[in-house]
Amino acid sequence: MIRRIQWVMGLLTAGMLAACQADPEGRSLTPTLTVFADKPDPMPQSASGPASVPDGMVYVPGGLTQIGADDGQAWEKPIFWVQVKPFFMDEHLVTVAEFRRFVAATGYRTEAEKFGDGAVLDETTKQWTLRKGANWSHPQGPDQPPAPDNHPVTQVSWNDAQAYARWAGKRLPSEFEWEHAARNATNSRTLYPFGNELKTSAGKFLANTWNGTFPEADAVLDGFHLTSPVGQFGKTPLGLTDMTGNVWQWCEDWRQNYADVVAGQPPANPTEKVQRGGSFLCEPGWCHGYRVSGRSFTSPETALMHVGFRCVKDV
Ligand SMILES: [Ca+2]
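Everything numeric here is computed off the predicted structure, so don't read it as measured data.

Here we look at the pairing of strand E4 (residues 63–67)
Burial analysis of E4 places 5 of its 5 residues in the buried class, the great majority of the element. Burial of E4 is two-sided: the residues Gly63, Thr65 and Ile67 facing one way and the residues Leu64 and Gln66 facing the other way are all buried. Sheet analysis places E4 next to strand E5 (residues 80–84), joined by 5 bridges and oriented antiparallel. Residue pairing in the sheet places Gly63 in a bridge with Val84 of E5.

Some words on the UniProt feature "domain: Sulfatase-modifying factor enzyme-like" (unreviewed entry) in the protein chain
Residues annotated in UniProt with the feature "domain: Sulfatase-modifying factor enzyme-like" (unreviewed entry) correspond here to residues 55–313. Secondary structure across residues 55–313 divides into 15% helix and 18% strand, with the first and last C-alpha atoms of the span separated by 12 Å.

A look at the environment of Ser28
Relative to the assigned elements, Ser28 resides in strand E1 (residues 27–30). Residue Ser28 is classed as exposed on the basis of its relative accessible area, which comes to 52%. Sequence-wise, Ser28 and Val82 are 54 residues apart; in three dimensions their C-alpha atoms are separated by 9.5 Å. Those residues within four positions of Ser28 in sequence are excluded, and the remaining contacts are Leu33 and Thr34. Here Thr30 takes part through its backbone oxygen, which lies 3.1 Å from a polar atom of the side chain of Ser28.

What about the coordination of the calcium ion?
Around the calcium ion, the donor atoms from the protein are Asn208 (OD1), Thr209 (O), Asp222 (OD), Asp222 (OD) and Phe224 (O), and they sit 2.2 to 2.6 Å away. Counting gaps between the donor residues of the calcium ion yields the pattern N-T-x12-D-x1-F. Within this pair, whereas Thr209 is found in the loop between helix H4 (175–182) and strand E9 (248–254), its partner Asp222 is found in the loop between H4 and E9, the two being separated by 13 residues in sequence. Look at Thr209 and you get buried, because its relative accessible area is 0%. A relative accessible area of 7% means that Asp222 is categorised as buried.

Considerations on the sheet that holds strand E6 (residues 87–90)
Read from one edge of the open sheet, 3 strands run E3-E6-E13, paired in antiparallel fashion. Each end of this open sheet is capped by a strand with a single partner; those strands are strand E3 (57–60) and strand E13 (312–314). Along the sheet, successive strands turn relative to each other by an average axial angle of 25°, direction set aside. Pairing between E3 and E6: 4 bridges, direction antiparallel. In the strand pairing of E6, Tyr59 is matched with Phe88. Strands in contact with H4 are E3, E6 and E13; relative to E6, the strand with the most contacts, it is inclined by about 80°.

Definitions and limits used
Residues numbered from 1 in each chain as written. Predicted model: local features only at pLDDT ≥ 70, side-chain atom pairs only at ≥ 80, totals over all residues. Heavy atoms only, no water. Buried < 20%, exposed > 50% of the residue type's maximum accessible area, 1.4 Å probe, protein only. Helix = DSSP H or I, 4+ residues; strand = E, 2+ residues; numbered from the N terminus. Pairing = 2+ DSSP bridges. UniProt positions renumbered as here; feature names shortened; annotations may be inferred. Contact = heavy atoms within 4.5 Å. Polar contact = N/O pair within 3.5 Å; in protein donor to acceptor, adjacent residues only side chain to side chain. Donors = N, O, S within 2.8 Å, 3.2 Å for Na, K, Ca; no water. Axes fitted to C-alpha atoms, helices over the stretch in contact; angles between N-to-C directions.

Here you go:
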């Protein structure tokens, strides 16, 4: 297997997007998602929520959401609509402690452990490198401090995240379920789930991102140069934490142009899985990847120091 580090922000050139084919009936993408090029009539929604919500999860009501942004990267266009069924979503990112319980229960070995290295941004050279011995318990390498228990697990590949989700009786979210939840299940059109500003009027940061010019200097104004404890920066209106920054989150989907999604085309080159949410390495001048509509893409066997995941579950 050829292993790659693919950090695409700012490196990709946009391909020509195929013309959208409007379909007023919508197209069923999965049993829980229907895609529309134009706004459809809203489907009836249950007025009441579920009788109970699993521990540590948040009920995400179904509804209509516009996916993408006109003012974002090329791969966030064109905007289209999805009808999403209700689901449960982990309130917080899967933590190091939770992943340790999975490993203890199953004896699972991550791909980074099998390969013997994980992708780290070298602070000296400012280049991505495969660092020997970097893995979920020591994301920066064996000579660096271990990952704190209450931080999101990182250095896990998409395949590792899938294995955890199956063990937990859950699954990874579709990227469109993720964006629906980040838009508070109300199609909120702000940059972030909590509005358009990263700070409150009192100056309190609402997310862990890169403060300064990436990759030259991080002023660490939000208090964290690398990962932060899950939930450190508060909840979205829907009750989720770390939907903005901290670490990118693996989603189920292969990378696909949105025009092709709407047109019902299969992924043209299914080699990369989608990540959402941005990370502590994102800043507006580089990728601004922590916007609600931000996307990143990496091959499913790759483990990186700024990528983790959360799970969802069907209602
Ligand atoms: Ca930070």
